[in-house]
Amino acid sequence: MLLLKGRLMPSRKIVANELAHVLRQISHPDRIRLLLKLQAGEQTVNELGDMLEISPTRVSQHLGVLRAIALVETETQGQKRVYRLAQPDLATWLIDGIDFIAHRLSRATPVDIQQAKRLWSAEAVEPVA
């Protein structure tokens, strides 16, 4: 238990608060797309921006948010900085989560949903070009 504002906070509440914080931070379509792209391995800001058609500035901003909550790690390799998922299973979790929201995707057909899941899953095993 944790002492918060003079009261004991049960562990379930602590975990729920932390999970809610993480979910709020990833609740942007570009951040989700970045996390899914990073499942294929280390990539630079420019590589991610090119693949996702997002400016490098926006990619950097989103990666900064994801780094702040320890979902993404960075490493300097020579002249470049590469980013990777701190926990690669996160991308699988996001892909599996599509099933939970499929009923809300009125613009997407079941075939569209399965195709997206298949493509994102395949990127995890394909080398980054």
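Asker: Just checking my understanding: could you explain the nonpolar core for this structure?
Answerer: A general trend in soluble globular proteins is that nonpolar side chains are found buried together. Core analysis: the largest hydrophobic core is formed by 22 residues, its most contacted members being Ile-26, Leu-35, Leu-38, Val-59, Leu-63, Leu-71 and Val-72. Broken down by secondary-structure element, the contributors of at least two residues to this core are α2 (29-38), α3 (45-52), α4 (56-68), β4 (80-85) and α5 (89-101). Beyond its immediate sequence surroundings of up to four residues, Val-72 is in contact with Leu-35, Leu-38, Leu-63, Leu-66, Arg-67, Tyr-83, Arg-84 and Ala-86.

Asker: When you look at the pairing of strand β3 (residues 72-77) in this model, what are you seeing that I'm missing?
Answerer: For a regular strand, side-chain orientation follows a simple rule: the groups alternate between the two sheet faces. The sheet contact formed by β3 and β4 spans six bridges and is antiparallel. By the bridge assignment, Glu-73 is partnered in β4 with Arg-84. Linking two consecutive strands that pair antiparallel, namely β3 and β4, is a turn of two residues; a positive phi of about 65 degrees is found at Gly-78 within it.

Asker: Hey, could you run me through the packing of α2 against α4 in this one?
Answerer: When two helices pack together, their arrangement is captured by the angle between the axes and the distance separating the axes. For the pair α2 and α4, the least separation of the axes is 10 Å and the interaxial angle reads 80 degrees. Comparing their axes, α4 and α2 come out roughly perpendicular. The residues of α4 that touch α2, namely those facing Asp-30, Arg-31, Leu-34, Leu-35 and Leu-38, are Val-59, His-62, Leu-63, Val-65 and Leu-66. Considering only residue class, the contact of α2 with α4 consists of seven nonpolar, one polar and two charged.

Asker: Where do I start with the packing of α5 against helix α6 (residues 110-123) in this structure?
Answerer: Remark: α5 packs on α6, axes separated minimally by 10 Å, with the N-to-C direction vectors making an angle of 175 degrees. The angle between α5 and α6 falls in the class roughly antiparallel. Taken together, the residues of α6 that come into contact with α5 (itself represented by Ile-95, Ile-98 and Asp-99) are Ile-113, Gln-114, Lys-117, Trp-120 and Ser-121.

Asker: For this particular structure, what's the right way to read the pattern of salt bridges?
Answerer: If charged atoms from side chains of opposite charge come close, those side chains can pair. Per the counting criterion, the structure on display carries four salt bridges. Across the pair Arg-84 and Glu-73 runs a salt bridge, and its minimum N-O distance is 3.3 Å. With a gap of 11 residues between them, Arg-84 in strand β4 and Glu-73 in strand β3 connect regions that are remote in the sequence. Take Glu-73: its relative accessible area is 35%, and that puts it in the partly exposed class. Shared partners join several salt bridges into a network, and the residues in it are Glu-42, Glu-73, Glu-75 and Arg-84.

Asker: I keep staring at the side chain of Asp-30 and nothing clicks. Help me out?
Answerer: Of note, Asp-30 is situated in helix α2. For Asp-30, a relative accessible area of 17% gives the class buried. Among the polar contacts made by the side chain of Asp-30, one reaches the side chain of Arg-33 at a distance of 3.2 Å. In this structure, Asp-30 is in contact with Ile-54 and His-62, ignoring residues within four places of it in sequence.

Thresholds, definitions, all that
Sequence positions are assigned chain by chain, starting from 1 and proceeding in written order. Residues qualify for local features only when their pLDDT is at least 70, as the model is predicted, and side-chain atom pairs are given and counted only at 80 or more; totals for whole chains, interfaces and linings, by contrast, use all residues. Excluding hydrogens and water, the side-chain figures rest on all heavy atoms present in the structure. Throughout this description, the term nonpolar core refers to a set of buried Ala, Val, Leu, Ile, Met, Phe, Trp, Tyr and Cys residues connected via side-chain atoms within 4.5 Å. The classification of residues rests on relative accessible area computed with a 1.4 Å probe and restricted to protein chains. Under 20% of the type maximum is buried, over 50% is exposed, and intermediate values are partly exposed. Elements are defined by DSSP. Helices are runs of H or I of four residues or more, strands are runs of E of two residues or more, and each kind is numbered from the N terminus. A contact between two residues is defined here by any heavy atoms of the two lying within 4.5 Å. For two strands to count as paired, DSSP must find a minimum of two bridges between them. Angles run from 0 to 180 degrees between N-to-C directions of axes, and those axes are lines fitted to C-alpha atoms, restricted for helices to the stretch in contact. By definition in this entry, angles of less than 35 degrees are roughly parallel, angles greater than 145 are roughly antiparallel, angles of 65 to 115 are roughly perpendicular, and the rest are oblique. Polar here means any residue outside two lists: the nonpolar Ala, Val, Leu, Ile, Met, Phe, Trp, Tyr, Cys and Pro, and the charged Asp, Glu, Lys and Arg; Gly therefore counts as polar. Salt bridges are counted wherever a side-chain nitrogen of Lys or Arg sits within 4 Å of a carboxyl oxygen of Asp or Glu. Nitrogen and oxygen atoms within 3.5 Å of one another constitute a polar contact, given that in protein one can donate a hydrogen and the other can accept it, and given that sequence-neighbouring residues count only through two side-chain atoms.

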